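In case you want the letters, here they are:
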Amino acid sequence: MSATTTARPVSAQETGRRVEEVLDRLTASGDPAVAAAAEELVRSLMDYYGSGLARALHLLSAAPGDPLARLLGDELVASLLVLHDLHPEDRDTRIGRALDSVREHDLDVVGFDEDSGTLTLRAAAAGGGCGCGSGAGAREAAQAALACFAPEVRAVEVESAPALLQIGTKTR
């Protein structure tokens, strides 16, 4: 599957010039806090993208195997691809990938509400059969994984699996 973007091509020189012009305008505004915040924002974004490119290069030069699978399995690289609508996997596949990364919580997808961005999951019953205890931890783990792989998921709800009815013998 080929990923495409609608962004117009830009050159490094053009982008650098535009960033410098904006920073110069903010500095000329006379508010040093605004200029400092803008410079910090630019540094943070440069660090993020630099780390992503470094990670992609490392993954591409890694051991034999499918380089695309290595890129798509990396949270940093996947988040950059999703951010720019370049990730070749559809939403449901990316949700599955995110949930695979937290498989210790044994979560199944119940449904996704596109309007609200709410993903409903079902947690397997806890080992003791009470169905309690793991909901909040599972939700937090799922939200953290989904932030990288499927940012269109804005909220996660976790339902408990129905408790299994245990039939035993009655003693008198």
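Refer to the structure printed above.
So, here is what we can say about the structure in this document. (Residues numbered from 1 in each chain as written. Predicted model: local features only at pLDDT ≥ 70, side-chain atom pairs only at ≥ 80, totals over all residues. Heavy atoms only, no water.)

### Thoughts on the sheet that holds strand β2 (residues 118-123)
Okay, step 1: Taking strand neighbours across the sheet as the criterion, the three strands line up as β1-β2-β3 in an open arrangement whose pairing is mixed. The strands lining the two open edges of the sheet, one partner per strand, are β1 (107-113) and β3 (155-160). Sheet twist, expressed as the average angle between the axes of neighbouring strands with direction ignored, equals 25°.
Okay, step 2: By the bridge criterion, six bridges tie β1 to β2 in an arrangement that is antiparallel. Paired with V109 across the two strands is L121, which belongs to β2.
Okay, step 3: The strands that helix α5 (residues 91-100) touches are β1 and β2; relative to β1, the one it contacts most, it runs at about 145°. (Pairing = 2+ DSSP bridges. Helix = DSSP H or I, 4+ residues; strand = E, 2+ residues; numbered from the N terminus. Axes fitted to C-alpha atoms, helices over the stretch in contact; angles between N-to-C directions. Contact = heavy atoms within 4.5 Å.)

### Some words on the packing of helix α1 (residues 12-28) against helix α2 (residues 32-60)
Okay, step 1: Contact geometry of α1 with α2 gives a least axis separation of 8 Å together with a crossing angle of 160°. One element, α1, and the other, α2, form an angle in the roughly antiparallel class. Between α1 and α2 the crossing geometry is left-handed. Mapping the contact onto sequence places V19, L23, L26 and T27 in α1 and V34, A35, A38, E39 and V42 in α2. (Parallel < 35°, antiparallel > 145°, perpendicular 65-115°, else oblique. Left-handed = near helix turned anticlockwise from the far one by under 90°.)

### Things to note about the nonpolar core
Okay, step 1: Counting 19 residues, the largest nonpolar core has I95, L99, L107, L121, A142, L146 and V153 as its most contacted members.
Okay, step 2: Those elements that place two or more of their residues in this core are α5, β2 and α6 (135-149).
Okay, step 3: Among the elements that line this core, the one with the most residues is α6, at seven residues. (Core = buried A, V, L, I, M, F, W, Y, C linked by side-chain atoms within 4.5 Å. Buried < 20%, exposed > 50% of the residue type's maximum accessible area, 1.4 Å probe, protein only.)

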